[in-house]
Amino acid sequence: MNHPEYDWDFAAGVLTGEREGAGTPPQELWERKKAGLVIIECPQRIPCNPCHTSCPTGAILPFADINDVPSVNYEKCTGCALCVAVCPGLACFVADLTYSADLALMKLPYEFLPRPTPGSTVALLNRVGERLGQGKVVRVVEPHKDKTLVVHVEVSKQMVNDVRAVRVEVLS
Amino acid sequence: MRETPLLIVGGGPAGLCAALEAANFGLDVTLVDSDLHLGGQLVKQTHKFFGSKHEYAGTRGFKIAHILLEEFQRLSHRITVHSNTTALSCYPEDGSVAMLTGESNYWKLIPRNMVMATGANEKLIPFLGNHLPGVYGAGAVQTLMNSYGVKPGDRVLMVGAGNIGLIVSYQLMQAGVHVVGIVEAQDRVGGYWVHAAKVRRLGVPIYLRHTVVEALGSSVVTGAVLRNIDSAFRPVGDPLTIECDVICMAVGLSPNVELLWQAGCDMSFIPQLCGYVAKRDKAMRTSHPHIWVAGDCAGIEEASSAMVEGRLAGLSVAHAEGLVPDDEYRRLHDKYWGRLGDLRAGEVGEKICMGIMQAMVQQWEMPTEARR
C-alpha cells in the first residue's frame, strides 16, 4: 500500500473531509435555522435524483444531468427531512442546531427492527460504526410509509459532524 | 405445434417490461420463466432503487415487481405466462424452442419473434475449502433470506464490494445477521459509494486489496483466511483469519447467453459487459432478424437499465410486426435511448458505455421484411 496520498478510507466508503456533493451548511445560517438544515454525503456521480424530486421547497437544486451530485440552496431548506426518508443511499441527514443550548436535534434515516420509541435512548454511531455515546429519541416518523424511518434524536452539538447512524440497543 | 407471435424468455425486469410494451401495442405475448413467480431478481430486492422516477427511483425492488405485475393484469388477455418453465434449447432448423414445465412436461413452441431476457449467472472464485457448506453465492443468500425468510448463518464474510455485495451485506444486517467484513480485491469499492458508507457506519469493515484464499472448517465453514494482495493481485503480508459461518460470494455476474449461441446469433466477448453477449443494433435486435435481447443477458447492468432495454426491445418487436407507426416508434425509441443515456452517464456507467459501443452495430436497424 505504498500510496501515501491515496485515501483508503474514502475508497472504502468513509467520508474524509468535505468535497463536492458532501459539504456542510454554512455555519451562521445553520445556527439560526429553526428545524435545521440538510447535510448530504453523496460525493460520487451516480444516476439518482429523488432528493431533488422529493424536495418540497426547491432547496435541493434541479439536476442538469441525473448523474450530478446534489447541490443545495440552504436558504430554502426547511429541515423537513423528506429527502432523508427518500434517499436510496441513506445519504441525507438533518441537524437542527437551534434545539437547545448544547444539544442539536438530528434527523437520521433508519431501516432496522426493532423501531426506536420516543423517549428511549439509542446508541449514536459515527461513519465507521463507533459508538460515540447515546441520545434520547424525540420523535420517530415514516414520511413516505415505505419502511424508512426518520429518527429525531438529541445529539451533543460537538458530535453533529460525526454522528451518522443510530442503533437500538436491546438488553440481553 | 403451438405458435406465438412473440416469445419472451425470462420474467425479470427486462422480460416483464418487454412483454408490457409489446402487449400494449396489441401483440400477443407468451412469457416463460423458470421460477415459480415472475419478477426475477426484483422480488428479492428490499432496497430502494436509484435512477429517476421513470425507473421507480426511491421505490423498493419488490414493490417495482408488484407495480409491473399489476400492469400485467390489465394486459392479461394478451399475455400468456408459463412459470416454472425453462426454455431449454433453440432449434434453428425449424425455429422451435423446447420447453420444460415442472420436472417432466416437455413441449415445443414456434415463436415468430423472441426477446431473450435470460439474465445472468453468478461468478465464483476458487479457493481452498470452497466446497464446504456455508460457501454461498449472494443470489442464494438473498433467495434464502428475502424470498423464504431463512437466515443463512450468523456471521457472514462477504466477498466483493460491488453493489450486490454491499446491498446484500446491508440486507443481512437488517435480518439480524452479523456481517464480519467485506473483502474486495480492487483498491476501491466497485459499487456505489453511498452503499458502502451505509454499511461502514454500522461498523462493517471493508478490506480493500484483499481476497479470500481458504475456507476453514472440516464439515462446515468455521472461518476464512484472507490475504492482502498488491496491485498485480500477488499475495503480500501475513494471512488474516476471520471467524465466520458463511462466506458469501458477490464477485460478479456473467450474461446467460446459451440460447443465443444455439440460435446462431453473432456473439462477441466484451469484458466491460462481463462476458459473451449478442451483437445488437439500437433496437436491441440481434444478428438474427427475429431475436432481440434485453437486460443482463445483453450485458451486466442495473435493473433500471434492464427495464428500459426491455421496453426498447418490446417496442421494436411491435414495430417490426407493423403495430407501431414509424413516427411513434421513432419518438419512443429516442425517449428510451435518452433514459439509457442518463442512466449510463455516471462514473459507473462509463465502463458500460464502452462495452455497449463494442456490442452495437450501426447498420441493421431496418424492418424485418428487408432482412428475410
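J.: Any chance you could explain the overall build of chain A here in plain terms?
T.: Counting its regular elements, chain A contains four helices and seven strands. Along chain A, helices and strands appear, N-terminal first, in the series α-α-β-α-α-β-β-β-β-β-β. The C-alpha atoms of chain A give a radius of gyration of 16 Å, which matches the 16 Å a tight globule of 172 residues would have. For chain A, the spread of C-alpha atoms along the principal axes amounts to about 45 × 45 × 35 Å. Looking at chain A as a whole, 45% of its 172 residues are labelled buried.

J.: Help me understand the overall build of chain B, please; the structure alone is not making it clear to me.
T.: The secondary structure content of chain B amounts to ten helices and 19 strands. Against the 2.2 N^0.38 benchmark of 21 Å for 372 residues, chain B shows a C-alpha radius of gyration of 21 Å, consistent with a compact globule. For the C-alpha atoms alone, the extent of chain B along its principal axes is close to 65 × 45 × 35 Å. For chain B, with 372 residues in total, the buried portion stands at 50%. Restricting to contacts in chain B with at least 6 residues of sequence separation, those with at least 24 account for 64%.

J.: So what exactly am I meant to see when it comes to the packing of helix H3 (residues 138-147) of chain B against helix H4 (residues 163-174) of chain B here?
T.: Packed helix pairs are characterised by how far apart their axes lie and by the angle those axes make with each other. All names here are of chain B. Running from N to C, H3 and H4 point in directions that differ by 30 degrees, and their axes come no closer than 11 Å. One element, H3, and the other, H4, form an angle in the roughly parallel class. In this structure, H3 meets H4 at a crossing whose hand is left-handed. Between H3 and H4, the residues in contact are Ala138, Val141, Gln142, Met145 and Asn146 and Ile164, Gly165, Val168, Gln171 and Leu172, respectively.

J.: For this particular structure, what's the right way to read the sheet that holds strand S9 (residues 155-159) of chain B?
T.: Sheet strands line up and pair through hydrogen bonds in the backbone, either parallel or antiparallel. Residues and elements named next belong to chain B. The five strands are arranged S8-S15-S9-S10-S11 in an open sheet whose pairing can be described as parallel. Taken across any chain shown, the strands that pair with only one partner, and hence form the sheet edges, are strand S8 (135-137) and strand S11 (206-208). Averaged over all pairs of adjacent strands, the angle between their axes in this sheet comes to 20 degrees, without regard to strand direction. Bridge count between S9 and strand S15 (residues 246-249): four bridges; the pairing is parallel. Along S15, the bridge assignment pairs Leu157 with Ile247. Sheet contacts for H4: S9, strand S10 (178-184) and S15; angle to S10, the most-contacted strand, approximately 170 degrees.

J.: Looking at this structure, I do not really get the nonpolar core. What am I missing?
T.: Burial of nonpolar side chains together is a common tendency in soluble globular proteins. Counting 168 residues, the largest nonpolar core has Cys83(A), Met106(A), Val115(B), Ile247(B), Cys248(B) and Ala294(B) as the members making the most contacts within it. Looking at this core, the element that brings in the most residues is helix H7 (residues 303-320) of chain B, giving ten residues. In terms of domain composition, this core takes at least three residues from each of domain 1 (2-121 + 253-371) and domain 2 (124-249) of chain B. Each residue touching Cys83(A), except ones within four places of it in the same chain, is listed here: Val38(A), Cys51(A), Ser54(A), Cys55(A), Ile60(A) and Cys92(A).

J.: In this structure, what is going on with the domain arrangement of chain B? I would like to understand it.
T.: Residue and element names in this part refer to chain B. In terms of domains, chain B is made up of domain 1 (2-121 + 253-371) and domain 2 (124-249). On the domain 2 side, the residues contacting the four residues of domain 1 number seven residues. Residues belonging to the side of domain 1 that touches domain 2 are distributed by class as follows: one nonpolar, two polar and one charged.

J.: How should helix H1 (residues 13-24) of chain B be read in this particular structure?
T.: Think of an α-helix as 3.6 residues a turn; residues three or four steps apart then line up on the same face. Residue and element names in this part refer to chain B. Helix length check: H1 (twelve residues) gives 16 Å between terminal C-alpha atoms against 16 Å at 1.5 Å per residue, within 8%. Extensive coverage of H1 is indicated by the burial of eleven of its twelve residues. What H1 keeps buried is the set Pro13, Ala14, Gly15, Leu16, Cys17, Ala18, Ala19, Leu20, Glu21, Ala22 and Ala23. Turning to H1, the residues buried within the fold contact strand S1 (2-9), strand S2 (29-32), helix H2 (61-74), strand S3 (79-82), strand S6 (105-116) and H7.

J.: I keep staring at helix H9 (residues 349-359) of chain B and nothing clicks. Help me out?
T.: All names here are of chain B. Residues Gly349, Ile352, Gly355, Ile356 and Ala359 constitute the buried set of H9. Relative to the axis of H9, the buried residues are bounded by an arc of 120 degrees and lie together on one face. For H9, the elements touching its buried residues are strand S17 (267-270), strand S18 (275-278) and helix H8 (326-343).

J.: Help me understand the interface of chain B and chain A in this model?
T.: As a measure of interface size, the accessible area lost when the parts come together is often cited. Taken together, the 35 residues of chain B in the interface contact 34 residues of chain A. Elements with a contribution of two residues or more to the side of chain B that touches chain A: helix H5 (193-200), S11 and H8 of chain B. Per element, the largest residue contribution to the side of chain B that touches chain A is seven residues, and it comes from H5(B). Taken together, the residues that form the side of chain B that touches chain A break down as 16 nonpolar, nine polar and ten charged.

J.: Which parts of the structure should I look at to understand the pairing of S2(B)?
T.: Moving residue by residue along a regular strand, the side chains alternate between the two faces of the sheet. All names here are of chain B. Residues of S2 alternate between two faces, with Val29 and Leu31 on one and Thr30 and Val32 on the opposite face, all of them buried. Relative to S2, S1 is paired through four bridges, and the arrangement is parallel. Residue pairing across strands places Ile8 opposite Leu31, the latter belonging to S2. In terms of handedness, the path from S1 via H1 over to S2 forms a crossover that is right-handed. Here S2 pairs with S3 via four bridges, running parallel. Bridge assignment links Thr30 to a residue of S3, and that residue is Thr80. Considered for its hand, the β-α-β crossover made up of S2, H2 and S3 is right-handed.

Reading the values: rules and limits
- Residues numbered from 1 in each chain as written.
- Chains lettered and ligands numbered in written order.
- Predicted model: local features only at pLDDT ≥ 70, side-chain atom pairs only at ≥ 80, totals over all residues.
- Helix = DSSP H or I, 4+ residues; strand = E, 2+ residues; numbered from the N terminus.
- Rg over C-alpha atoms; globule rule 2.2 N^0.38 Å.
- Buried ≥ 20, exposed ≤ 12 C-beta atoms within 10 Å, placed from the backbone.
- Contact = placed C-beta atoms within 7 Å.
- Axes fitted to C-alpha atoms, helices over the stretch in contact; angles between N-to-C directions.
- Parallel < 35°, antiparallel > 145°, perpendicular 65-115°, else oblique.
- Left-handed = near helix turned anticlockwise from the far one by under 90°.
- Pairing = 2+ DSSP bridges.
- Core = buried A, V, L, I, M, F, W, Y, C linked by C-beta atoms within 7 Å.
- Domains from an automatic or database assignment.
- Nonpolar A, V, L, I, M, F, W, Y, C, P; charged D, E, K, R; others polar.
- Expected span 1.5 Å × (residues − 1).
- Arc of directions from axis to C-beta.
- Right-handed = clockwise from strand over helix to strand, strands pointing away.

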